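Structure at a glance
Here are the chains, one letter per residue:
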Amino acid sequence: MGDEGKKSLAMVVMSGDMDKLFGAFIIANGAAAMGMDVTMFFTFWGLRAIKKDVRTGKTFFGKMLGTMYGGDITKSNPSKFSFGGMGRWMFGKMMGKHNVQKLNEMRDLAVQLGVNMYGCQMSMDVMEIPQDAFIDGVKEPVGVGFFLLKAQEADVQLFI
Amino acid sequence: MSDDVKVDLELDLKGLLCPLPMVKVSQNITNVPVGGVIRAVATDPGAMADIPAWAQSTGNEVLSAEKEGAEFVFLVKRLK
């Protein structure tokens with residue numbers, strides 16, 4: 001149990017795929033609405049979900065990664081049916097038609113609902129993404145020890 | 001049904017999809033006093049399962065959840 005005897009959820013978000021991020025934020029927002037204390041630990045490809053649309057990278061490879069996997073959450077592609085961006089466009093149209101919230105809006109709602117978001121320090125170092133590249137509301141980076149403590153205390157643990 | 005219940009807040013959730021009906025009820029429950037009632041109208045069939053689950057988890061009460069044509073009407077009572 002988390003603070004004040006609340007139920008809690010601890011989630012690793014490793015994927016940067018659009019579909020998986022939808023799942024992650026729908027669950028996070030649902031949990032927050034149900035009064036749960038929510039921790040999202042973003043690592044590797046998941047980091048872009050909390051990134052602003054800014055250039056990152058210090059070294060040649062870091063800059064290359066920042067260019068090829070740059071932008072923000074709106075650049076995420078579906079894990080299947082991607083077709084070099086066509087899939088994103090198509091799902092965007094389909095979801096818009098069915099009045100599903102946009103992914104970036106869901107992410108911002110999560111911040112608003114008090115979901116605790118953390119970047120993984122090690123992935124941030126490797127991928128050369130500094131804390132100031134993240135949106136407001138993302139807490140200072142942490143490591144696996146912090147996540148595991150949260151996961152131990154949590155009633156629900158997920159890996160996405 | 002519960003025509004005798006006094007409604008403190010009307011909530012239009014029509015057109016909203018998962019998880020928003022539940023999120024909106026959650027965000028608005030503190031806008032009624034303890035013991036107060038929200039009347040929420042949704043069109044997402046999933047809300048029929050989600051809003052009672054939300055109430056169970058948060059310790060509030062769904063007085064009624066009924067399908068009326070294409071709409072789902074909830075009376076949600078704030079218990080704490």
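Now for a look at the structure at hand. Everything quoted here is computed from the prediction, not taken from an experiment.

The rules behind these values
- Residues numbered from 1 in each chain as written.
- Chains lettered and ligands numbered in written order.
- Predicted model: local features only at pLDDT ≥ 70, side-chain atom pairs only at ≥ 80, totals over all residues.
- Heavy atoms only, no water.
- Helix = DSSP H or I, 4+ residues; strand = E, 2+ residues; numbered from the N terminus.
- Rg over C-alpha atoms; globule rule 2.2 N^0.38 Å.
- Buried < 20%, exposed > 50% of the residue type's maximum accessible area, 1.4 Å probe, protein only.
- Contact = heavy atoms within 4.5 Å.
- Areas by Shrake-Rupley, 256 points an atom, 1.4 Å probe, with all protein chains shown as cover.
- Lys, Arg positive; Asp, Glu negative; His and termini not counted.
- Charge placed at Lys NZ, Arg CZ, Asp CG, Glu CD.
- Phe/Tyr/Trp six-rings, centres within 6.5 Å; stacked < 30°, edge-to-face > 60°.
- Lys NZ or Arg CZ within 6 Å of the ring centre and 35° of its normal.
- Core = buried A, V, L, I, M, F, W, Y, C linked by side-chain atoms within 4.5 Å.
- Pairing = 2+ DSSP bridges.
- Axes fitted to C-alpha atoms, helices over the stretch in contact; angles between N-to-C directions.
- Buried area = accessible area lost by both parts, 1.4 Å probe.
- Salt bridge = Lys/Arg side-chain N within 4 Å of Asp/Glu carboxyl O.
- Nonpolar A, V, L, I, M, F, W, Y, C, P; charged D, E, K, R; others polar.

This part takes up the overall build of chain B. Looking only at helices and strands, chain B features two helices and four strands. When the helices and strands of chain B are read in sequence order from the N terminus, they spell out β-α-β-α-β-β. A compact globule built from 80 residues should have a C-alpha radius of gyration of about 12 Å, and chain B, at 11 Å, falls within 12% of that. With 80 residues in all, chain B has 42% of them scored as buried. Partitioning the contacts of chain B with sequence separation of at least 6, the portion at a separation of at least 24 is 65%. As displayed, chain B has an accessible area near 3,900 Å², and 51% of this comes from carbon and sulfur atoms. One finds the centroid of the 8 positive side-chain charges in chain B at a distance of 6 Å from the centroid of its 11 negative side-chain charges.

The subject of this paragraph is the packing of aromatic side chains. Residues and elements named next belong to chain A. On inspection of all chains with the given rule, the structure shows eight aromatic pairs over all chains. Among the aromatic side chains, those forming a connected cluster through ring pairs are Phe44, Trp45 and Tyr69. The cationic tip of Arg48 hangs over the ring face of Tyr69; the distance from NZ or CZ to the ring centre is 3.8 Å.

The next subject is the nonpolar core. Counting residues in each nonpolar core, the largest one holds 32 residues, and the members touching the most others are Met11, Phe25, Val38, Met40, Phe42, Val115 and Met117 of chain A. Taken together, the elements giving at least two residues each to this core come down to strand E1 (8–13), helix H1 (18–33), strand E2 (37–42), helix H4 (103–112) and helix H5 (121–127) of chain A. With eight residues, H1 of chain A is the single largest residue contributor to this core. Discounting residues that sit within four places of it in the chain, Val115 of chain A has contacts with Ala28, Ala32, Val38, Met40 and Ala110 of chain A. Of all hydrophobic cores here, the second largest spans 22 residues; its members include Leu11, Ile29, Ile38 and Phe74 of chain B.

Here we take up the sheet that holds strand E5 (residues 156–159) of chain A. Strand pairing in a sheet takes place through backbone hydrogen bonds and is either antiparallel or parallel in direction. Residue and element names in this part refer to chain A. With parallel pairing, five strands are arranged side by side in an open sheet as E4-E3-E2-E1-E5. This sheet does not close on itself; its edge strands, each paired only once, are strand E4 (138–142) and E5. With strand direction ignored, the average angle separating the axes of adjacent strands in the sheet is 20°. Across six bridges, the pairing between E1 and E2 is parallel. When the sheet's bridge partners are listed, Val13 is paired in E2 with Phe42.

Time to look at the sheet that holds strand E2 (residues 37–42) of chain B. Residues and elements named next belong to chain B. Across the sheet, four strands lie side by side as E1-E2-E4-E3; this open sheet has mixed pairing. Edge strands, defined here as strands with exactly one partner in the open sheet, are strand E1 (9–13) and strand E3 (61–68). Each neighbouring strand pair of the sheet contributes to a mean axis angle of 15°, computed without reference to strand direction. Across the sheet, helix H1 (residues 20–28) is in contact with E1, E2 and strand E4 (71–77); its angle to E1 comes to roughly 155°.

A few words on the interface of chain A and chain B. Across the boundary between the two partners, chain A contributes 13 residues, which contact 14 residues of chain B. Together, Ala33, Met34 and Asn99 of chain A form the three largest contributors to the area buried by chain A at its contact with chain B, with a combined 47%. The tally of links from chain A across to chain B stands at zero salt bridges. Taken together, the elements giving at least two residues each to the side of chain A that touches chain B come down to H1 and H4 of chain A. A per-element tally of the side of chain A that touches chain B places H1 of chain A first, with four residues. Class assignment for the residues of the side of chain A that touches chain B results in six nonpolar, seven polar and no charged.

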